[in-house]
Amino acid sequence: MDNRTNVKARYWESMEEDKVKCTLCPHGCVINNGKFGICMVRRNVNGELIASGYGHTISLTMDPIEKKPLFHFKPGSSILSVGPNGCNLKCMWCQNWQISQKKVITRFISPENLVNMALREKSVGVAFTYTEPLIWLEYIVDAALIGKPKGLSMVAVTNGYINSEPLDELLNYLDAVNIDLKSMFDEDYKKYMGGTLAPVLNTIKKCSERIFVEVTNLIIPGINDSDEHIHKLVDFIASVNPTIPLHFSRYHPYYKMDNPITPEKTLLHAAKIAQEKLKFVYIGNIKLPGFEDTKCPVCGNMLINRTYYFTKKVGITEERKCSKCGADIDFVH
Ligand code: SF4
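What counts, and where the lines are drawn
Residues numbered from 1 in each chain as written. Predicted model: local features only at pLDDT ≥ 70, side-chain atom pairs only at ≥ 80, totals over all residues. Heavy atoms only, no water. Helix = DSSP H or I, 4+ residues; strand = E, 2+ residues; numbered from the N terminus. Buried < 20%, exposed > 50% of the residue type's maximum accessible area, 1.4 Å probe, protein only. Contact = heavy atoms within 4.5 Å. Areas by Shrake-Rupley, 256 points an atom, 1.4 Å probe, with all protein chains shown as cover. Lys, Arg positive; Asp, Glu negative; His and termini not counted. Charge placed at Lys NZ, Arg CZ, Asp CG, Glu CD. Phe/Tyr/Trp six-rings, centres within 6.5 Å; stacked < 30°, edge-to-face > 60°. Salt bridge = Lys/Arg side-chain N within 4 Å of Asp/Glu carboxyl O. Polar contact = N/O pair within 3.5 Å; in protein donor to acceptor, adjacent residues only side chain to side chain. 1 Å grid on protein atoms, 1.4 Å probe; cavity = no way out; pocket = protein on both sides within 12 Å on 5 of 7 lines; lining within 4 Å. Points joined across faces, edges and corners; volume = space filled by probe spheres on them. Nonpolar A, V, L, I, M, F, W, Y, C, P; charged D, E, K, R; others polar. Near = heavy atom within 4 Å. Sits in = over half its atoms within 2 Å of the grid points.

**Some points on the overall build of the protein chain**
The helix and strand inventory of the protein chain stands at eight helices and 17 strands. When its C-alpha atoms are laid out on the principal axes, the protein chain stretches across 65 × 45 × 30 Å. Expressed as a percentage of its 333 residues, the buried residues of the protein chain come to 55%. In the protein chain, once contacts between residues fewer than 6 apart in sequence are set aside, the share between residues at least 24 apart is 63%. As displayed, the protein chain has an accessible area near 14200 Å², and 50% of this comes from carbon and sulfur atoms. If the 40 positive side-chain charges of the protein chain are averaged to one point and the 36 negative ones to another, these points end up 4 Å apart.

Set out below in structure tokens:
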């Protein structure tokens, strides 16, 4: 049976007594023989690091690309979406904890089959998503090597918690990312997620230099909803590139977090702050009229109208210009 249980991982070092040190993400797990790293998809087998989660997916489905969310990359298209069983962060509010924080039954899909399925479904590409896909580096690279020459785009929805060197390699294969920026305070990353902030900021900067980027911020009352936090977040994104689309997302109590649901007014207030410095600000996980649509940042003309996942391009030309004022719009068709 083809389930490639012996795919050697990239980015690790040998240590004494058959231990290995994984260098894919900032955790730098030192792993004893027979054990897994924090993310559950990389395992020490007799002193070698194996990408044990390679191709083992927890879900495989066609999704609207807006669901990722990616609003400016091939809007209105559908994309084949897959994800591994694991994650390298431990967010207390994880909305997918059943598949990210504990082992479940998976289905092996070879990169060849994945690409064939995407082509058969007339997908625009493959989205690596649901849990944390960058810990699947070897699988993403193999799928991209087969799929990109056939015209498929490769996108990832990620927490951005990865070291610079593997990220540089991955950026040769990815076309677009949505990066979850969960807080602008290192203490929050340590206390609530088991990580650190700096690598995530580094990932956003590096990605924006090479591929298409959108950012999501889940606003959680009592944790990251202060004006200070929102200003810090917006200032950072504006300093990277004010045309990066920012998605504020509504939080619901889940997993180990019982803070109350994000009030509508908090989301609207955050969007108002963001609109002062960013060109494209959206609100998700809640239906707020107008906050899913894309308007021209120069003249206000409606460019893309969205109702749930029904997307209609109404004011943007094939040359990626506003049909009313002719402003250039940073979209990928
Ligand atoms: S990718 Fe996984 S095994 Fe490697 S350092 Fe990060 S959490 Fe540990």
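**Quick look at the packing of aromatic side chains**
In this structure the tally under the stated criterion is eight aromatic pairs. A ring pair is formed by phenylalanine 73 and phenylalanine 212, whose centres lie 6.1 Å apart and whose planes are at 35 degrees; its orientation type is tilted. With a gap of 139 residues between them, phenylalanine 73 in the loop between β6 (56-64) and β7 (78-84) and phenylalanine 212 in strand β12 (residues 212-219) connect regions that are remote in the sequence. Judged by its relative accessible area of 3%, phenylalanine 73 falls in the buried class. On the basis of relative accessibility, which here comes to 11%, the residue phenylalanine 212 falls in the buried class.

**Considering the side chain of glutamate 132**
Following the sequence through the fold, glutamate 132 ends up in the loop between β9 (125-128) and α3 (137-147). Although glutamate 132 is buried, it forms no salt bridge, and the closest oppositely charged side chain is lysine 182 at an N-O distance of 7.1 Å. At 2.9 Å, the side chain of glutamate 132 forms a polar contact with the backbone nitrogen of leucine 134. With residues near it in sequence (within four places) discarded, glutamate 132 still touches Pro84, Gly86, Cys87, Asn88, Val157, Thr158, Asn159 and Gly160.

**Some thoughts on the layout of surface pockets**
Reported here for the largest pocket is a volume of approximately 1200 Å³. Looking at the largest pocket, it is lined by 41 residues, and the ones nearest its centre are Lys67, Lys68, Pro69, Ser249 and Asn285. If you list the elements that add at least two residues to the lining of the largest pocket, you get β10 (153-158), β11 (176-180), β12, β13 (246-250) and β14 (281-284). Looking at the lining of the largest pocket residue by residue, the class counts come to 17 nonpolar, 14 polar and 10 charged.

**Focus: the site of the ligand**
Inspection of the region around the ligand gives Cys22, Leu24, Cys25, His27, Gly28, Cys29, Gly37, Ile38, Cys39, Arg42, Asn88 and Ile135 as its neighbouring residues. If you map the ligand onto the pockets, it falls in the largest cavity. When grouped by side-chain class, the residues that make up the shell around the ligand number seven nonpolar, four polar and one charged.

These results come straight from atomic positions and should not be treated as a statement about function.
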